[in-house]
Amino acid sequence: MLHISGAIKKPGKEIALSGWVHRKRGSGGIIFIVLRDMSGIMQVAIKKDSVDERSWRMASEATVESSVEVEGTVKEDKRSPTGYELTASSFKNINVSEPFPITEYQSTELLLDKRHLWLRSQKMINIMKARSYIFRYAREFLDKKGFFEITPPILTKSAGETGANLFETDFFGSKAYLTESSQLYAEAMAFSLERVYSFAPSFRAENSRTTKHLAEYWHLEPEMLYLNNKQSMAIQEKLISHIAERLASRNDDILKSLGADKDDLLKIRPPFKRVSYEEALSILNDKGLKLKWGDDLGVEEEKALTEAEEKPMFIYNWPKEIKPFYMPINPRDERTVLCADLQAPKGHGEIIGGSERIWRYDELMERMHEVEQAKGIKFNMNNYNWWIELRKYGSVPHSGFGMGIERVIKWMLNLDHIRDAIPFPRMSNRLEP
Ligand code: 4AD
Ligand code: MG
């Protein structure tokens, strides 16, 4: 099927297009319609004395967002808002739209309530295209590196992270949870496929109303046998750079329309800065933020650290108290674990969390008990037995990480809020549409 983007390459030829009425105005014997399809917009001129009576009647009846079919010839036209104009030889409505509920100036709330319709806006069309490309480029990189894509379960019994923000559901009379990370399953599959990634939704019942938290987000989680944390970080920076480079070199038109800068993305080349947690604390204290050892970094701190950066920055080897139970103690500094978070530049926040995994059975049991004591919690070991058992049968060192794809989209497209990085956002105050 021919689209607007292809039609402009066929000036003077009789062509047919299908799409929607983006805008409409008329005066006397001529109606101007801005036609939209997935590829863009183009002005269509319907002149009363060049079309048959039925076409003229239908063009007169067409309303904004009506679905239409139009035939005619395209020519370049500097006066047209879209650079080209199609002079119609015939025009047909497929479905005349009722008055469209979204007009020019609308509240954010209304646009979220009418999200199913707002997705037709030029802004959302461009974001959703970029989202699809980002998914593609991420997969493209990992596929080339020899990873297998795996499909983890969404319903689980065990928490993959802290377990503090699990959505609980009923599973035939017993408790189940929507997965907060597919890591544990990726680990199991890594013991057969060696390098795997899952690209699936993760769920976090986080009541925080920030610009970077969703209750349901898409989580890219690679898991790699034999790699240590440093080697995992090297893969992470290459993955991010690949996505940035591809977007910049192939999707400049989308970036431009969203006000994002191609040149900013082309700067995202390895190596990224690596700062230990301890160094991060001293940088922050020098900036006047008073933090002590063991404090987590909040929005303020992330912003202070990355505001002036052009590239993402790793913060590695965090205090064991603020990281999950599966991370191994750093033998060089037993207060810390072997892990790294990747912070996007300009205060966009954490985009990746990753670590080495404890791979020896005894060490894991010891660490889990230590965590129970330190936090005053009790793991339901029954729920973890299968995952712990992986350490009994031919275990090997491995590392992995999780990337929140909407965080990456928000950063790379320079969006104000993470909700625009996903078609149907789920947040503490929104489950519809
Ligand atoms: O740092 P997190 O919690 O790490 C894990 O879940 C690990 N099990 C991943 C792994 O090693 N396989 O989450 C990883 C990433 C964060 O860096 C962030 O980008 C994203 O997931 N994320 C969220 N994105 C949107 N909304 C939320 N509420 C998010 N919580 C985490
Ligand atoms: Mg994290």
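Throughout, residues of each chain are indexed from 1 in the direction in which the sequence is written. Here chains are named by letter from A upward and ligands by number from 1 upward, in the order in which they appear as written. Totals for whole chains, interfaces and linings use all residues, but because this is a predicted model, local features are given only for residues with pLDDT of at least 70 and pairs of side-chain atoms are given and counted only at 80 or more. Excluded from the side-chain calculations are hydrogens and water; all other atoms, namely the structure's heavy atoms, are used.

J.: Even after reading the chapter, I still don't get the pattern of salt bridges, so can you show me in this structure?
T.: Pairing is possible between side chains that carry opposite charge, provided their charged atoms lie close to one another. Note on definitions: salt bridges are taken to be side-chain nitrogens of Lys or Arg within 4 Å of carboxyl oxygens of Asp or Glu. Evaluated as defined, the whole model comprises 32 salt bridges. One salt bridge in this structure joins K92 and E69, with 3.6 Å as the shortest N-O distance. Taken together, the positions of K92 in strand β5 (residues 84–95) and E69 in strand β4 (residues 67–76) put the pair 23 residues apart, joining distant regions of the chain. When its relative accessible area of 34% is taken as the criterion, K92 is described as partly exposed. Counting from the N terminus, the helices are DSSP H or I runs at least four residues long and the strands are E runs at least two residues long. Summary of the burial criterion: residues with accessible area below 20% of their type's maximum are buried, those above 50% are exposed, and those between are partly exposed, where the area comes from a 1.4 Å probe applied to protein chains only.

J.: I'm lost on the sheet that holds strand β8 (residues 167–171) in this one. Help?
T.: For two strands to be treated as a pair, DSSP must find no fewer than two bridges joining them. One open sheet accounts for 3 strands, arranged β7-β9-β8; its pairing is antiparallel. Two strands in the sheet have a free side with no partner beyond their single neighbour: β7 (155–156) and β8. Looking at chain direction, β7 and strand β9 (residues 174–178) are connected through 2 bridges and run antiparallel. What sits directly across from T156, in β9, is Y177.

J.: Just checking my understanding: could you explain unusual backbone geometry for this structure?
T.: Of all residues except glycine, most have a negative phi; of all peptide bonds, most are trans. That bond from P270 to P271 is cis: its omega, -5°, falls within 30 degrees of zero. Relative to the helices and strands, P271 resides in the loop between α9 (262–266) and β12 (273–276). Following E432, the chain continues to P433 via a peptide bond in cis, the omega torsion being -10°. Tracing the backbone through its elements, the reader meets P433 in the segment after α14 (405–412). In this structure, E194 is a non-glycine residue whose phi angle is positive, near 70°. Tracing the sequence through the fold places E194 in the loop between α6 (183–193) and β10 (195–203). Not every positive phi belongs to a glycine, and N414 is a case in point at roughly 60°.

J.: What's the story with the nonpolar core in this structure? I'm lost.
T.: In a soluble, globular protein the nonpolar side chains are often hidden away together inside. Ranked by internal contacts, the top residues of the largest apolar core, which has 47 residues, are L239, I240, M403 and M412. The element contributing the most residues to this core is helix α5 (residues 122–144), with 10 residues. Residue contacts are defined here by distance: any two heavy atoms, one from each residue, within 4.5 Å place the two residues in contact. If near-sequence neighbours (up to four positions away) are discounted, M403 is found in contact with W218, H219, L220, L239, I240, I243, I351, I352 and V408. Side-chain atoms within 4.5 Å link the members of a nonpolar core, which is a set of buried Ala, Val, Leu, Ile, Met, Phe, Trp, Tyr and Cys residues. Within the second largest apolar cluster, 31 residues are counted, among which are Y277, Y326, M327 and V337.

J.: Just to check I follow, could you spell out the site of ligand 1 for this structure?
T.: Any residue with a heavy atom lying within 4 Å of a molecule or strand is counted as near it. Not every one of the 23 residues close to ligand 1 is listed here, only the nearest: E161, Q183, E206, E221 and E350. We define a polar contact as two N or O atoms separated by no more than 3.5 Å, with the added condition that, inside protein, one atom must be a possible hydrogen donor and the other a possible acceptor, whereas residues neighbouring each other in sequence contribute only through side-chain atom pairs. A distance of 3.3 Å separates an oxygen atom of ligand 1 from a polar backbone atom of G353. Methods summary: accessible areas were calculated by the Shrake-Rupley approach with a probe of 1.4 Å, and residue burial reflects only the protein chains presented. Protein contact buries 94% of the 630 Å² of open area that ligand 1 shows by itself. Comparing atom positions with the cavity grids shows ligand 1 to sit within the largest pocket. Its residues placed into classes, the shell around ligand 1 shows 7 nonpolar, 8 polar and 8 charged. Whether a set of points on the 1 Å grid over the protein atoms alone is a cavity depends on a 1.4 Å probe fitting there but being unable to get out, while an open set qualifies as a pocket with protein on both sides within 12 Å along at least five of seven lines; lining residues are those with an atom within 4 Å of a point. To qualify as sitting in a cavity or pocket, a molecule needs more than half of its atoms within 2 Å of the grid points. Only Asp, Glu, Lys and Arg are considered charged in this grouping, and only Ala, Val, Leu, Ile, Met, Phe, Trp, Tyr, Cys and Pro are considered nonpolar; every other residue, Gly among them, is considered polar.

J.: Please explain the pairing of strand β16 (residues 398–404) as it appears in this structure.
T.: Consecutive residues of a regular strand have side chains that alternate between opposite faces of the sheet. Counted residue by residue, β16 has 7 buried out of 7 residues, so it is predominantly covered. Across the two faces of β16 the burial is the same, with H398, G400, G402 and G404 and S399, F401 and M403 all buried. Examined bridge by bridge, strand β15 (residues 349–356) and β16 share 5 bridges and lie antiparallel to one another. Looking at the pairing, G354 lines up with F401 of β16.

J.: Can you walk me through the packing of α6 against helix α13 (residues 381–389) in this structure?
T.: Packed helix pairs are characterised by how far apart their axes lie and by the angle those axes make with each other. To obtain an axis, a line is fitted to C-alpha atoms, over the contacting stretch when the element is a helix, and the angle between two such axes runs from 0 to 180 degrees between their N-to-C directions. Contact geometry of α6 with α13 gives a least axis separation of 9 Å together with a crossing angle of 30°. Taken together, α6 and α13 sit at an angle that is classed as roughly parallel. At the point where α6 passes α13, the crossing takes the left-handed sense. Side by side, α6 and α13 meet where L184, Y185, E187 and A188 of the first sit next to Y384, W386 and W387 of the second. Angles are sorted into four bins: roughly parallel if under 35 degrees, roughly antiparallel if over 145, roughly perpendicular if 65 to 115, and oblique for all others. Crossing chirality is assigned from the near helix's rotation relative to the far helix, an anticlockwise turn below a right angle marking it left-handed and a clockwise turn marking it right-handed.

J.: Can you walk me through the sheet that holds strand β3 (residues 40–47) in this structure?
T.: Think of a sheet as strands paired side by side through backbone hydrogen bonds, with each pair either parallel or antiparallel. Spatial strand order, β1-β2-β3-β5-β4: 5 strands in a closed barrel with mixed pairing. On average, each strand axis in the sheet is inclined to that of its neighbour by 50°, with strand direction left out of account. With 8 bridges connecting them, strand β2 (residues 30–37) and β3 associate as antiparallel partners. Across the sheet, D37 pairs through a bridge with G40, a residue of β3.

J.: In this structure, what is going on with the layout of surface pockets? I would like to understand it.
T.: By rolling a water-sized probe across the atoms, one finds the places where empty space is left. A volume near 1000 Å³ is recorded for the largest pocket. Every element with two or more residues in the lining of the largest pocket is listed here: β11 (216–225), α11 (299–306), β14 (339–344), β15, β16 and α14. In the lining of the largest pocket, the residues fall into 13 nonpolar, 12 polar and 16 charged. Grid points are joined across faces, edges and corners, and a volume is the space filled by probe spheres set on the points. Approximately 480 Å³ is the volume found for the second largest pocket. The wall of the second largest pocket is formed by 17 residues, among which H22, R23, I102, T103 and W118 lie closest to the centre. By residue number, the principal contributor to the lining of the second largest pocket is strand β1 (residues 14–27), which donates 3 residues. Class assignment of the residues belonging to the lining of the second largest pocket gives a composition of 6 nonpolar, 5 polar and 6 charged.

J.: What is the right way to look at α13 in this model?
T.: Quick reminder: α-helices carry 3.6 residues per turn. Residues three or four places apart thus point the same way. M381, N383, Y384, W387 and I388 are the residues of α13 that are buried. Along the axis of α13, the buried residues cluster in a sector spanning 140°; they form a single face. As used here, the arc belongs to the directions running from the helix axis to the C-beta atoms.

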